[in-house]
Amino acid sequence: MKMVQLFCSILVLLLLLPTGKPEIYIVTMDEEPVMSYRGGVPGFEPIVVDSDEKIDTTSELVTSYARHLEKKHDMLLDSLFDHGTYKKLYSYRHLINGFAVHISPEQAEILRRASGVKSLERDWKVRRLTTHTPQFLGLPTGVWPTGGGFDRAGENIVIGFVDSGIYPHHPSFATYNTDPYEPHPKYRGKCEVDPHSKKSFCNGKIIGAQHFAEAAIAAGAFNPSIDFASPLDGDGHGSHTAAIAAGNNGIPVRMHGHEFGKASGMAPRARIAVYKALYRLFGGFIADVVAAIDQAVHDGVDILSLSVGPNSPPATTKITFLNPFDATLLAAVKAGVFVAQAAGNGGPFPKTLVSYSPWITSVAAAIDDRRYKNHLTLGNGKILPGICLSASTHPNQTYTLVAANDVLLDSSVMKYSPSDCQRPEVLNKNLVKGNILLCGYSFNFVVGTASIKKVSETAKSLGAVGFVLAVENDSPGTKFDPVPVGVPGILITDVSKSMDLIDYYNISTPRDWTGRVKNFNAMGSIGDGLMPILHKSAPQVALFSARGPNIKDFSFRDADLLKPDILAPGSLIWSAWSPNGTDEPNYVGEGFAMISGTSMAAPHIAGIAALVKQKHSHWSPAAIKSALMTTSTKLDRAGRPLQAQQYSETEATKLVTATPFDYGSGHVDPRAALDPGLIFDAGYEDYLGFLCTTPGIDAHEIKNYTNSPCNYTMGHPSNFNTPSITVSHLVKTQTVTRTVTNVAGEETYVITARMQPSVAIDVTPSAMTLKPGASRKFSVSLTVRSVTGTYSFGEILMKGSRGHKVRIPVVAMGYWR
């Protein structure tokens, strides 16, 4: 009988214990967060009255209400679960009301059904998605002088970076050569102290530095020896993006004895606030990212730069606009913070964007006008093109070519892939010294286990005068960037040219019957790859840059909202790097790196937005976004329509005429953005109206994430007052409206519109006069002429009598019904 009782007791205990593997969940709660609390909780007065009202997050009312929310989170968890069976990671109080918790799936089901819980979602992972670009964008001559020069550009604007941290000792962030930074009038973030040196991460320019890793630790992904339990950048990415947006002006970029120009941020005097939530090997977790954003807005940042996004639409959510991440950013914009987010690197394929919502400025990546080229001259007179940032071999002199596989010390080392030239100890120094070493570009370079930097180091340690790296197999999607190296070197990226090199080498290299080389007779010389060539065909949309159409749900159905919003430089961008950084194997231990991605484009827009914010301090995030978009350009430097890199039938890269799905409104023009003439403004209620009129979104789901009922309507989501028009399902005729506000002197605007033939467009009125500060509505009618099964593109142009030009893209797909 006792045995039966014992068995029953054990069974009851097993049923009570969590059984599934614990996971991280993000929970949202009933009561309103700080940023939208309108009263209703006994003992707490309303914090906001107007939907776009700015609040003082240091007030006693705010701090006490935030404590009340956190207490409710703790009480709920304590009432449901035994102490020690769960771990709360964060309480979210300011932008959303909720928390992140590490619990079992069984506990999650209990929590999902608990009173006061609105939604529960499993956490998901995200990933990380400049010497020349200031000149390319016209900042030194056209923008910085209007704000008092580079040494005042961005004064008192705080840019928050949710990224991989910062290397605070980099000259791009130093203060010893600048005017002293006064205490900031409104920023209230904190500065963590380096656990080893005990020094603060802040110096006046870096004004805040915190790290967020609770979710990464709970998931078992965090490794303190390489990820650093501090704001220190263990990757390089965070330092790179921070310097693009707000790095000091005129910092020499020196590597391997060469200077590649002087680096500068877009807003060199702006302050930097670091919120580290991304890590080297695994990227980051949304629970940590949301905590970082929540803290950044509470601390008082003006701009958020996010070079981070999901790999695809979050699997836990049905609607792309409604999840803890996008809802947090909506609340950030409501609080007056401009958000720039990388559009994603999944291009050139359609619907690859990972930045979806109308309140976010989604940034695509462009190639600017700088290209680096080099060449290898063979002894037979052939000249083979390639890339590598290196000096030439000695002028008017040729050198013997020796292949790595022909200079092995021992044939047994073949297991080490010696042709990669990653291990100098397996090669015969006596045969390599004074010659050019030939190496093969294998799959190891693609996955990052081999690097061009290491090839250069191998050649140097063996006494080679230089190296050649030949690509023998073309892997679709592989992009080759020029890499700075310490000895003359070249990467031959064209497979057919690599074959020319190999054929010449084999013909010129006699062997005995065993295959051993008798004499190395092939000769060659490496050209100078250090000087950039400036092209007029810039900018172009980079191959990797994610493309529209934008999607509204998991079924990849098209949204009535254009994305990306804007194009900015994102290819081969020189900027600061962390010597600890290992994200790019070619820049391990270096102080600068030249890398590509929409991750580099987003901080360009964040920094330029800081310049606009400096000049127009009271503008809303939507107004800043509008100024950037309506003044952008659809033309390259030669005055031709923008082109986009695309794959050809043979998977080589070709150029096609770009569309708004590639570049949004166009390539950013900072000078014009400071004086846009008209703006398309929008506030919190407009964003709610967009959500509430988007088909397929449940009003209950909107209330879960925004704490607001669907009392806002605009008839159709295309009526949302954004500086673009998108109708994804146009039947017969549809009329949309827009409202413009004059932010300049009195001006008369003549309005014209054009569209591809399958859709007719008409604008009413055809002209309008606006006094300073006045707003006027206009309507746009789109009519199906023919059904083509593809989108039609067009634009509306508003030309002002005082010289302003306001342009918005129009995108529509016609259906018979």
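Keep in mind it's a predicted model, so treat the numbers as computed, not measured.

Caption draft 1: Broad picture of the overall build of the protein. Check the secondary structure of the protein and you find 20 helices and 39 strands. For 817 residues, the compact-globule estimate of 2.2 N^0.38 gives 28 Å, and the protein sits close to it at 29 Å. Going through the 817 residues of the protein one by one, you find that 59% of them count as buried. Of the accessible surface of the protein, which amounts to about 31700 Å², a share of 53% is contributed by carbon and sulfur atoms. The averaged location of the 72 negative side-chain charges in the protein is 3 Å from the averaged location of its 75 positive side-chain charges.

Caption draft 2: Structural context of the side chain of D558. Summarising the element assignment, D558 is placed in the loop between β25 (540-541) and β26 (566-569). Here K351 takes part through its side chain, which lies 2.6 Å from a polar atom of the side chain of D558. When neighbours within four sequence positions are excluded, D558 is seen to be in contact with K351, P549, N550, I551, K552, S728 and Y791.

Caption draft 3: Region of interest: the pairing of strand β4 (residues 117-122). Counting buried positions along β4 gives five out of six residues, so the element sits mostly inside the fold. As paired strands, strand β1 (residues 23-29) and β4 are joined by five bridges and run antiparallel to one another. Along β4, the bridge assignment pairs Y25 with R122.

Caption draft 4: Seen up close, the packing of aromatic side chains. Scanning the model with the defined rule gives 20 aromatic pairs in all. Considering the side-chain rings of F349 and Y647, the 5.9 Å spacing of their centres and the 40 degrees angle between planes classify their relative orientation as tilted. Residue F349 is found in the loop between β14 (338-342) and β15 (361-367), and its partner Y647 is found in strand β29 (residues 643-647); the two are separated by 298 residues along the sequence. The class of F349 is partly exposed, set by a relative accessible area of 43%. Three or more aromatic residues joined by ring pairs make a cluster, and in this case those are F321, W359, Y687, F690 and F720.

Caption draft 5: Geometry of the sheet that holds strand β31 (residues 678-679). Ordered by their spatial adjacency, four strands build an open sheet running β31-β33-β37-β35, and the pairing between neighbours is antiparallel. Strands with a single pairing partner mark the edges of an open sheet, and in this sheet they are β31 and β35 (759-764). Where strand β33 (residues 733-742) lies against strand β37 (residues 775-784), nine bridges are found, and the strand directions are antiparallel. Within β37, the position partnered with V736 by the bridge is V780.

Caption draft 6: The arrangement of the domain arrangement of the protein in detail. Looking at the protein, the domain boundaries give domain 1 (23-122), domain 2 (145-369 + 538-674), domain 3 (370-527), domain 4 (684-716) and domain 5 (724-815). A straight line from the C-alpha centre of domain 1 to that of domain 4 covers 22 Å. Listed by partner, the interface residues are twelve residues for domain 1 and six residues for domain 4. Taken together, both faces of the contact between domain 1 and domain 4 bury some 730 Å²; the carbon and sulfur share is 36%. Taken together, domain 1 and domain 4 are joined by zero salt bridges. Across the contact surface, domain 1 and domain 4 share four residue pairs in polar contact (both at pLDDT 80 or more). For the side of domain 1 that touches domain 4, the elements supplying multiple residues, two or more each, are β1 and β4. Counting residues per element, the side of domain 1 that touches domain 4 draws most heavily on β4, which supplies three residues. Here the side of domain 1 that touches domain 4 is composed, by residue class, of two nonpolar, four polar and six charged.

Caption draft 7: Up close: the pattern of salt bridges. Tallied over the entire structure, the rule returns 26 salt bridges. The salt bridge partner of R122 is E23, with a shortest N-O separation of 3.4 Å. Taken together, the residues R122 in strand β4 and E23 in strand β1 connect sequence positions 99 residues apart. Judged by its relative accessible area of 42%, R122 is partly exposed. The exposure class of E23 is partly exposed, given its relative accessible area of 29%. Here E109 ties to R112 by a salt bridge, and the two come within 3.2 Å at their closest N and O atoms.

Caption draft 8: Region of the structure containing helix α2 (residues 60-80). A rise of 1.5 Å per residue sets the reference length of α2, with its 21 residues, at 30 Å; its end C-alpha atoms lie 31 Å apart and thus fit the reference within 8%. Looking at α2, one finds that the buried residues are V62, S64, Y65, A66, H68, L69, H73, L76 and L77. Check the buried side of α2 and you find it contacts β1, β2 (87-92), β3 (98-103), α3 (105-112) and β4.

Caption draft 9: Representation of the state of the cysteines. Summed over the entire model, instances satisfying the criterion amount to three disulfides. Shown here is the disulfide that connects C191 with C202, its sulfur atoms set 1.8 Å apart. Handedness here is read from the sign of the S-S torsion; for C191 and C202, about -95 degrees, the answer is left-handed. You can see C191 sitting in the loop between β6 (158-163) and β7 (206-211) and its partner C202 sitting in the loop between β6 and β7, a full eleven residues away along the chain. A sulfur-sulfur separation of 2.1 Å characterises the disulfide bridge that pairs C692 with C710. Disulfide C692-C710: the torsion about the S-S bond is -90 degrees, which places it as left-handed. Placement of the pair is C692 in helix α19 (residues 684-693) and C710 in the loop between α20 (699-706) and β32 (725-731), with a sequence separation of 18 residues.

Caption draft 10: Just the sheet that holds β1, in detail. Strands sit in the order β2-β3-β1-β4 across an open sheet of four strands; the sheet is antiparallel. The open sheet terminates on both sides in strands that have one partner only, identified here as β2 and β4. Strand after strand, the sheet turns through a mean of 20 degrees between neighbouring axes, direction not considered. Where β2 meets β3, five bridges bridge the pair, whose relative direction is antiparallel. Bridging across to β3, S91 finds its partner in F99. Sheet contacts for α2: β1, β2, β3 and β4; angle to β2, the most-contacted strand, approximately 155 degrees.

Caption draft 11: Just the nonpolar core, in detail. With 82 residues, the main nonpolar core has I293, L304 and F321 as its most contacted residues. At nine residues, the largest contribution of residues to this core is made by helix α9 (residues 286-299). What I293 contacts, discounting residues up to four positions off in sequence, is L95, V162, L304, L306, F325, T328 and L329.

Caption draft 12: Region of interest: the layout of surface pockets. When its volume is computed, the second largest pocket comes out at roughly 890 Å³. Forming the walls of the second largest pocket are 41 residues, and the residues nearest its centre are S632, T633, K634, L635 and R807. Among the secondary structure elements, those contributing two or more residues to the lining of the second largest pocket are α17 (660-663), α18 (670-673), β34 (747-755), β38 (792-800) and β39 (805-815). Element by element, the count of residues in the lining of the second largest pocket is highest for β38, at five residues. Inspection of the lining of the second largest pocket shows a minimum of three residues originating in each of domain 2 (145-369 + 538-674) and domain 5 (724-815).

Definitions and cut-offs
- Every residue gets a number counted from 1 within its own chain, in the order that chain's sequence is written.
- Two thresholds apply to this predicted model, a pLDDT of at least 70 for residue-level local features and 80 or more for giving and counting side-chain atom pairs, whereas whole-chain, interface and lining totals are computed over all residues.
- Side-chain measures here rest on the full set of heavy atoms in the structure, leaving out hydrogens and waters.
- Elements are defined by DSSP. Helices are runs of H or I of four residues or more, strands are runs of E of two residues or more, and each kind is numbered from the N terminus.
- We compute the radius of gyration from the C-alpha atoms alone; for a globule the expected value is 2.2 Å times N to the 0.38, where N is the number of residues.
- Each residue is placed in one exposure class: buried if its accessible area under a 1.4 Å probe, protein chains only, is under 20% of its type's maximum, exposed if it is over 50%, and partly exposed if it falls in between.
- A 1.4 Å probe and the Shrake-Rupley method give the accessible areas. Residues count as covered only by the protein chains that appear here.
- Only four residue types enter the tally: Lys and Arg on the positive side, Asp and Glu on the negative side; His and the chain ends are excluded.
- For the purpose of locating charges, the reference atoms are NZ of Lys, CZ of Arg, CG of Asp and CD of Glu.
- N or O atoms closer than or at 3.5 Å make up a polar contact, with two conditions inside protein: a donor-capable atom paired with an acceptor-capable one, and, for residues adjacent in sequence, both atoms drawn from side chains.
- Residue contacts are defined here by distance: any two heavy atoms, one from each residue, within 4.5 Å place the two residues in contact.
- By this definition, two strands are paired if DSSP reports at least two bridges between them.
- We call Phe, Tyr and Trp rings a pair once their centres come within 6.5 Å, taking the six-membered ring for Trp, and we label the pair stacked below 30 degrees between planes, edge-to-face above 60, and tilted otherwise.
- As used throughout, domain bounds are those supplied by an automatic or database domain assignment.
- Two parts placed together each lose some accessible area; with a 1.4 Å probe, that loss summed over both constitutes the buried area.
- The term salt bridge refers to a side-chain nitrogen of Lys or Arg lying within 4 Å of a carboxyl oxygen of Asp or Glu.
- Classification used: nonpolar for Ala, Val, Leu, Ile, Met, Phe, Trp, Tyr, Cys and Pro, charged for Asp, Glu, Lys and Arg, polar for all others including Gly.
- Here the expected length of a helix is defined as 1.5 Å per residue gap, with one fewer gap than residues.
- Sulfur atoms of two cysteines make up a disulfide when they are within 2.5 Å.
- A fitted line through C-alpha atoms represents every axis, and for helices the fit uses only the stretch in contact; the resulting angles, taken between N-to-C directions, go from 0 to 180 degrees.
- For this analysis, a nonpolar core means a set of buried residues of the types Ala, Val, Leu, Ile, Met, Phe, Trp, Tyr and Cys, connected via side-chain atoms within 4.5 Å.
- Cavity means a closed set of points on a 1 Å grid over the protein atoms alone, one where a 1.4 Å probe fits but cannot get out, pocket means an open set with protein on both sides within 12 Å along at least 5 of 7 lines, and lining means a residue has an atom within 4 Å of a point.
- Grid points are joined across faces, edges and corners, and a volume is the space filled by probe spheres set on the points.

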